[in-house]
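Listed below, chain by chain, are the residues.
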Amino acid sequence: KRRKRRRERRMEQGESSGFMSLGVSTMGSVAIDTTTSGWGRSWWKEWINEYTITMDIRMEDVEHREGTALFQTALVHTAETHRGGKHKLKQSDGEAAISSLGGVGALGTFGDVLKTKVTPGRWHRVVVAVKCADAKKKGEMNTWVDAVPLASLKSEQITKNGRFAIDPHSLFAFSSGKSAMMERNVSIRTIRVELVVATDAQVRASLARDRVLSMFNQEREREIEEQRRGLSLAAIFPKPRPVWAAPALVGLFGDPFIEGTLFEGASCLAWSFQLIQLVFKRMLERQGHLFGSETAGPIRVAVGDVAQIFARSEPVFKQMLKLLKSPNNSQLLVFLRKLRAELNKISEGDTLCLPALVEDCEILIMVERLSERSFSFVIINTDPQSGLSYHAVSPSAKPGKIAYRTCMVLSPVAKKNALDDVFWMALYNLCISSRKGDIDKFYDVLLPFLTGKPLEASLVDAEQAASSGTPASKGKFGPWRSPERASTSYVRCINQAINFLLTRRGASQQQAKKVGLGMRVQFVEMIKNDLKFVRPDDSGRHVCAMALRQLSYRAVKLAHILRGAGEDSGRDLVATGGCCAICLDDVEEGGESGVSLPCRHVYHQSCLDHLVSSGHSSCPQCRDDVAGVGSLEAVLGSVLQVVKDVQKDLTADKEDEDDLPPSLELDREDGREDGVTSAIAWEVEPVEPDVGQVESLHKYVPADMLQIPRRAETKVEAARALRMCDRLCGLLDNQDHCVKNNKFLIVSLIEHVMTQVVPLPKPRQFKGDEKDKHNSERVLRRRKKQEALGREAFKKRMEVLKAAKASKKGAAPSPEKQVGVAEAEAKEEEPNPTYAQVPLNEKPGFKVLHDAVEEPCIWDEDITYELQLELLLVCQRLVEHFAAAAFSIQQSRPFDAVCIIVPGCIAAIADALMRRRAVNHPSEACGQLMGQDVTGRQLGWKGFGISVKTFATQTETIECHSPELAIARAAILDYFQSPLQQSLEKVFSWEDAYQLRPGKPLVTWLRMIARETAATKYAAAYLLLVDNLPESSLLMLNYPEIRCYRDICFWWKYFLNPDRKVFPNHSEDDSLTMHKRIAARLTWGWKNDEGGYVVRSKLSGSALRCRPNPDMVDPVTGRKLKADELPQHRFSSTATPSFYVPPPLLHTEDDVIYRPNLPNFEDASGAKTGGAVLSQRDSELLISFLTVPYIRIPLVLSFFSSEDRVHKLASQKLRDILDSVCFEPGRHLPIHRTNVEPTMIPSNRKDLLGSPYGLLLNELMRSPDTICRSIIALLNAALAIDTGSVSDEDSSDFNASVDIILYVARLAARVESYIVFALLHSQGRHDCVQTPLREGPVDETVLDTLRQALEDMGRILRGPYVALLDDYLCRLDENTAQAGHDQAVIHRNSRLACDLNAHKVVLFRNVGAGSL
């Protein structure tokens, strides 16, 4: 029976799949998650028996025959049978459902659907209120649809803790035991669960409240929609923007002014065509008076024909947009099929415009059908740098300008060639797959195919037709036109096409210019219209002002052209005599000017202008139609009026703005005023109808880094700094849509707070009286006694075995042999007189240790349990923020030091917090960690701690480029190697083995917590650390501080894994994934086959480990690696003598001398070094220096700064060696070995050959002369090798000399950081680090040397080096301007310029605010 009940319970706790789980919080809101575990009804749960579920939903189909389920409280239920009180499992169809008629209810009652119901395709608010009753009583369920009561039912099935009661951990929406009742197409706005039973009044009030909350958004949407409907571009775009944001307008008006700005190439021909067509259509309707009579003259006929051609060509341009949006073969075939249909529809005399895009060059093709069997092609290109060189060119056609025939006419073209599918497929295949040289293929291959002759022959035919001047040659050549200045072919091609079509149909060039003026007037009219609805920003005002200036200029220029040609619409501008038939006054000489029309009737100029402006275009006396009845003055007057109106609107809009402080004007070397070049480029993307719900932009919440204090001197200030750091990290992490490089900012912020703002805990020793000390050593004494008994018993057993063996062999050994054996054993037991046995004077070290443990520490202050837990939670969140951000950044050797030290700082603070006994409510977990019970009584051990052996080893070879990191590393090691920590049993030693097995100390700690809290009956002690099983996570729920401490320690140990390939930010192709902080949450499980924990997070798809996999294989040979071949460091030290030398290893100078061949340090490619770098002599000298790590820094720096070896730093290997030598801290000097002098030279005591804060800081504070002199010599030598160039031709990187200069600048700036730190700290003026350093004050002579070196280095770095970097930037700028549109050169120079500017920032990193 027990086995059966356990089986039923496991079935009841079966896993769900594919359902939405809704977790109910204590505040009554709903949090939707994606959990896959649906736990059944168990005795430890507290069920929700009174609740109200509110849903805002839209069902696409509710007419299922069996209805549609709304929700299930559980996937399976236990129901009591009628026999003997047994239980069985069953599934429900849903605790609430929508009937096929639209009613809402359960148990067969769905309400009156005539009053209200759920209708498909409409949004409804469905409310279900349930009140479960006691056994054998009737519970209630009430339902509402849109706040109208629908169903009310009472049933004995609605009982407490029964089927209708909600599990606090899960609720399944739209789930049912029948698949037919599960809706697969439903839209959801809101699902809310409230822990009250709603009444009718509350349901209505809730609906009204939600409507009020959404009223503002609805009103805002209506305003936006009204604005959109009023804009000029609303006729062609569903979500229009103001017309001044259209690149077509900027390209038409501002071609001479936007060269070199982002407006170049800002749109495509297909989009501009739709806008120009709209402008052209409205120009015909509203600007016809600018270019002639409505019923006479060829100009209006030609304009109407152009409008018809544009309307006919519009479908092709729309299909081109689809092709460019989805450039694939299937879309190409669809486009070609529709293009073929449009070409076949062309009748004789008709013209079709086609867009083309060849090698990023916009081209317009006009196809005209001349006869049944021949066509004419016009190729329009306005880009002089791409394809226009194939067109005819003339320096004399327009004096002072170079003119092109931008319209290349190919005529005649045979029908079979014009309609050839292969030609069109080849042409538009170039559009979707652009390659270099496509423009040459277009002109040299495709166009000659059309005419059947070389392109040069077609150009000769066009020139002969132009020189003949016969009417038959009209339309066989294009006019001479000026090319574009900026990349505005997306609108200039259309403008040239309009000009060609007009002149092709009999209009003169002057009349065509009038049409161009009309288009510009219509654009300005559209600006005037849009100003009524939208206020332009600074960029929009720039564009509008430019359009007004260009329109005025065009109008005046056209007037001069027409007057110079004697073409003033057929009127005599000066006429006297006669009577004006409009005002009946005489036209007298000397009075108001008169105008004589071609019909010889005379009028006053003002009267005639008024007549024309009112819409009349015929003579009032004879009613004859007169082409160009409007005078030039009337045209200029109408243009002036439009310009004044728009200028007035712009001025009024400017006056309406609030007065703001003047903008910061930086000095400009070119002396130009702000214009279009300083405007923000409008990026007009293809606009399509948005059928989804409008999502407004999130409000930006400022993240003010200045809220972080300079340093925290008390625990209150430290807590405030940690909280603020956590809040700022959250703001940066949540606003990645508007905060750039947020992961770098998070890492830098946490590093700054942990290494400079918040002080790390000080080393401590065991505090307690003699009784407590005696009690704490009870377990240790017992263990030693057991070990002694074990050794004695083992010795007796060995004697028995020896006696038995001797008896088997017979006679006992001779006395001489026994004496020899005894002498040998005595000799083995005699200690060897090695250096280790030489006595040391350890008193200075213990004095330093005593002073250190007595120093005050803010983390020793009294603390409440609330603050203790809060700070631990903050530290946990910070380490999760740091892990998520660090794994979103590419791995590198300098960044590796940050990844190891910063989590160690957080772990040290968390450990210090856990070792405090709260003054108000002590935690059992913290007490047991200190070896005490909850009352503070000392138990039989001193407590439990964290091991730092791996951390000490790993940090010996990391590169600390900032002194604060080196100081933080020393503080971490001093704290965890203090006397108190050394006496503790080590827990969380995950770095010792690949499997995360719980050690005996960890099991003991968990067991003691469980015993003190009476939690031993729930699970084994090691399972108390697991949090993915409810029955094993009781300790995690009751003591959150354990979870925080566990996760912080694990992340620290995980960052110590030597195998960097297991980290999420390792990628062969340098691709990275941006991780959120929530992805760094850890879940702990148990794996029986390994006998250890399984730790997972969303950062990695596999389980997290703190050691390399022992089953790793060689990727080349497939051989399993040995234990000593596994990775020992993520980035091995290049300063070891054996790094670049094959086995056997080098340990001493003698090993180097007797090695026959030494490396020449040539780079793998050899591109910059040109072969061997160092001679055998220099290589031997350098490697010999590396065998003495404690004095290697001055030796190696002197090596590179002498004998003109600075050019050797072109080798990346040598630069890596120099970086490792200078910035690797080396072995850490324990605090009790401070000031302890070795008694033998050379010393074999490795613990005495370390330094407390790194080798570089140790040298600078003791003997800085050689280092400072060498750095200054390197700086001067690097300046001397400057060649004047930045990058070699066809190279993607800096040349060798620039590489060396930049490296030496970085090296000097980093050394300068250490010098600045040493000076400021010795004077007590460092902003953050105020803790006294171990080895006492710095000698005044040393300080003078450092000050002089700092002055000399600063003068060189901020003088010649900054000037040289500025010169490099100017050279890159000149090279970019000469390259034109060469994207490869632009990309390379942009990247190199970023590197140079970053180096300028590094050069000023040590300059204080007062020195700027």
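Residues numbered from 1 in each chain as written. Predicted model: local features only at pLDDT ≥ 70, side-chain atom pairs only at ≥ 80, totals over all residues. Heavy atoms only, no water.

## A short note on the pattern of salt bridges
1) Next: Taken as a whole and judged by the stated rule, the model has 53 salt bridges.
2) Next: Note that Arg 125 and Asp 56 form a salt bridge whose closest N and O atoms lie 2.8 Å from each other. Here Asp 56 lies in strand E3 (residues 50-59) and Arg 125 lies in strand E9 (residues 123-131), a separation of 69 residues in the sequence. Neither residue differs from the other here; Arg 125 and Asp 56 are each classed as buried.
3) Next: Measuring nitrogen to oxygen at the nearest pair gives 3.1 Å for the salt bridge that ties Glu 368 to Arg 504. Taken together, the positions of Glu 368 in strand E15 (residues 361-369) and Arg 504 in helix H12 (residues 489-504) put the pair 136 residues apart, joining distant regions of the chain.
4) Next: Residue classification places Arg 504 among the partly exposed positions, given a relative accessible area of 24%.
5) Next: Members of the salt-bridge network, linked through shared partners, are Arg 893, Glu 959, Arg 1192 and Glu 1224. (Salt bridge = Lys/Arg side-chain N within 4 Å of Asp/Glu carboxyl O. Helix = DSSP H or I, 4+ residues; strand = E, 2+ residues; numbered from the N terminus. Buried < 20%, exposed > 50% of the residue type's maximum accessible area, 1.4 Å probe, protein only.)

## Considering the sheet that holds strand E14 (residues 351-358)
1) Next: One open sheet holds the four strands; their spatial order is E14-E15-E16-E19, and the pairing between them is antiparallel. Each of the sheet's edge strands pairs with one partner strand only, and the pair in question is E14 and strand E19 (407-414). Going from strand to strand, the sheet's axes swing by 20° on average, the running direction of each strand aside.
2) Next: Of the pairings in the sheet, the one linking strand E16 (residues 374-380) to E19 comprises six bridges and is antiparallel in character. Paired with Ser 374 across the strands is Ala 414, a residue of E19. (Pairing = 2+ DSSP bridges. Axes fitted to C-alpha atoms, helices over the stretch in contact; angles between N-to-C directions.)

## Some remarks on helix H23 (residues 865-886)
Residues spaced three or four apart along an α-helix point in a common direction, a consequence of the helix completing one turn every 3.6 residues.
1) Next: With 22 residues, H23 extends 31 Å between its outermost C-alpha atoms, agreeing within 8% with the 32 Å of an ideal straight helix rising 1.5 Å per residue.
2) Next: In terms of residue burial, H23 counts as a mostly covered element, since 17 of its 22 residues are buried. (Expected span 1.5 Å × (residues − 1).)

## Regarding the sheet that holds strand E11 (residues 148-155)
1) Next: Across the sheet, five strands lie side by side as E11-E10-E9-E3-E13; this open sheet has antiparallel pairing. With one partner strand each, in any of the chains shown, E11 and strand E13 (186-194) form the two edges of the open sheet. Between one strand axis and the next, the sheet turns by 15° as a mean value, whatever way the strands run.

## Examining the pairing of E9
1) Next: Buried residues dominate E9, accounting for seven of its nine residues.
2) Next: Two elements, E3 and E9, share nine bridges in a ladder whose sense is antiparallel. Its bridge partner being in E9, Ile 57 is matched across the sheet by His 124.

## Focus on the packing of helix H5 (residues 269-286) against helix H13 (residues 509-530)
1) Next: Axis separation between H5 and H13 bottoms out at 9 Å; the angle between their running directions is 100°. Classified by the angle between their axes, H5 and H13 sit roughly perpendicular to one another. Residue-level inspection shows Leu 275, Ile 276, Leu 278, Val 279, Phe 280, Arg 282, Met 283 and Arg 286 of H5 in contact with H13, the latter providing Val 515, Gly 518, Met 519, Gln 522, Phe 523 and Met 526.
2) Next: Class assignment of the residues belonging to the contact of H5 with H13 gives a composition of 10 nonpolar, two polar and two charged. (Parallel < 35°, antiparallel > 145°, perpendicular 65-115°, else oblique. Contact = heavy atoms within 4.5 Å. Nonpolar A, V, L, I, M, F, W, Y, C, P; charged D, E, K, R; others polar.)

## A closer look at the pairing of strand E26 (residues 1092-1096)
1) Next: Within E26, four of the five residues are buried, which leaves it mostly tucked inside the rest of the structure.
2) Next: The pairing of strand E25 (residues 1083-1087) with E26 spans five bridges and is classified as antiparallel. From the neighbouring strand, Lys 1087 faces E26, where its bridge partner is Gly 1092.
3) Next: Taking the residues between adjacent antiparallel strands as the criterion, E25 and E26 are bridged by four residues, where Gly 1091 takes a positive phi near 65°.

## Focus on the packing of aromatic side chains
1) Next: This structure, assessed with the given rule, holds 39 aromatic pairs.
2) Next: Relative to Tyr 428, the ring of Trp 424 lies with its centre 6.4 Å away and its plane at 25°, an arrangement referred to as stacked. Placement of both Trp 424 and Tyr 428 in helix H9 (residues 421-432) is noted, with a separation of four residues, approximately one turn of the helix. The two residues Trp 424 and Tyr 428 agree in class, both being buried.
3) Next: Consider the rings of Tyr 1140 and Phe 1161, whose centres lie 5.5 Å apart with planes at 80°: the pair is edge-to-face. (Phe/Tyr/Trp six-rings, centres within 6.5 Å; stacked < 30°, edge-to-face > 60°.)

## Quick word on the environment of Gly 111
1) Next: Residue position: Gly 111 is located in the loop between strand E8 (104-105) and E9.
2) Next: Its relative accessible area of 33% is what places Gly 111 among the partly exposed residues.
3) Next: Gly 111 sits 41 residues away from Ser 152 along the chain, and the two C-alpha atoms are 7.2 Å apart.
4) Next: Once residues within four sequence positions are removed from consideration, Gly 111 is found in contact with Leu 150 and Ala 151.

## With respect to the side chain of Gln 954
1) Next: Of note, Gln 954 is situated in helix H26 (residues 949-954).
2) Next: A distance of 3.0 Å separates the side chain of Gln 954 from the backbone oxygen of Gln 1128, its partner in a polar contact.
3) Next: With near-sequence residues (within four places) excluded, Gln 954 lies in contact with Ile 900, Leu 1056, Pro 1058, Gln 1128, His 1129 and Arg 1130. (Polar contact = N/O pair within 3.5 Å; in protein donor to acceptor, adjacent residues only side chain to side chain.)

## Details of a positive patch on the surface
1) Next: There is a patch of like positive charges on the surface, built from Lys 401, Arg 485, Lys 513, Arg 554 and Lys 557.
2) Next: Tracing the chain through its elements places Lys 557 in helix H14 (residues 538-564). (Patch = residues over 30% accessible without salt bridge, like charges linked within 9 Å, V, L, I, M, F, W, Y side chains within 5 Å. Areas by Shrake-Rupley, 256 points an atom, 1.4 Å probe, with all protein chains shown as cover. Lys, Arg positive; Asp, Glu negative; His and termini not counted. Charge placed at Lys NZ, Arg CZ, Asp CG, Glu CD.)

## Overview of the nonpolar core
1) Next: Counting residues in each nonpolar core, the largest one holds 193 residues, and the members touching the most others are Trp 859 and Trp 1051.
2) Next: Per element, the largest residue contribution to this core is 16 residues, and it comes from helix H24 (residues 893-914).
3) Next: The residues contacting Trp 859, other than those within four sequence positions of it, are Lys 715, Ala 718, Leu 722, Val 758, Pro 759, Leu 760, Pro 761, Leu 871, Ile 909, Ala 912, Leu 913 and Arg 916.
4) Next: Formed by 112 residues, the second largest nonpolar core is a distinct cluster that contains Leu 252, Val 316, Ile 432 and Leu 558. (Core = buried A, V, L, I, M, F, W, Y, C linked by side-chain atoms within 4.5 Å.)

## Regarding the side chain of Arg 520
1) Next: Relative to the assigned elements, Arg 520 resides in helix H13.
2) Next: As a buried residue without a salt bridge, Arg 520 has its nearest oppositely charged side chain in Asp 255, at a separation of 9.0 Å.
3) Next: Discounting chain neighbours no more than four positions away, the residues touching Arg 520 are Leu 252, Phe 253, Asn 495, Leu 551 and Arg 554.

## Thoughts on unusual backbone geometry
1) Next: Omega for the peptide link from Ser 411 to Pro 412 comes to -5°, which places this bond in the cis form.
2) Next: Along the chain, Pro 412 turns up in strand E19.
3) Next: A cis amide bond links Pro 1143 to the next residue, Pro 1144, at an omega of 0°.
4) Next: By secondary structure assignment, the location of Pro 1144 is in the loop between E26 and helix H32 (1149-1153).
5) Next: One non-glycine residue, Leu 107, adopts positive backbone phi at about 55°.
6) Next: Mapped onto the secondary structure, Leu 107 falls in the loop between E8 and E9.
7) Next: Of the residues examined, Leu 107 reaches a relative accessible area of 36% and is grouped as partly exposed.
8) Next: For Asn 1235, which is not glycine, the phi dihedral falls at a positive 65°.
9) Next: Within the element layout of this structure, Asn 1235 appears in the loop between helix H35 (1212-1223) and helix H36 (1255-1260).

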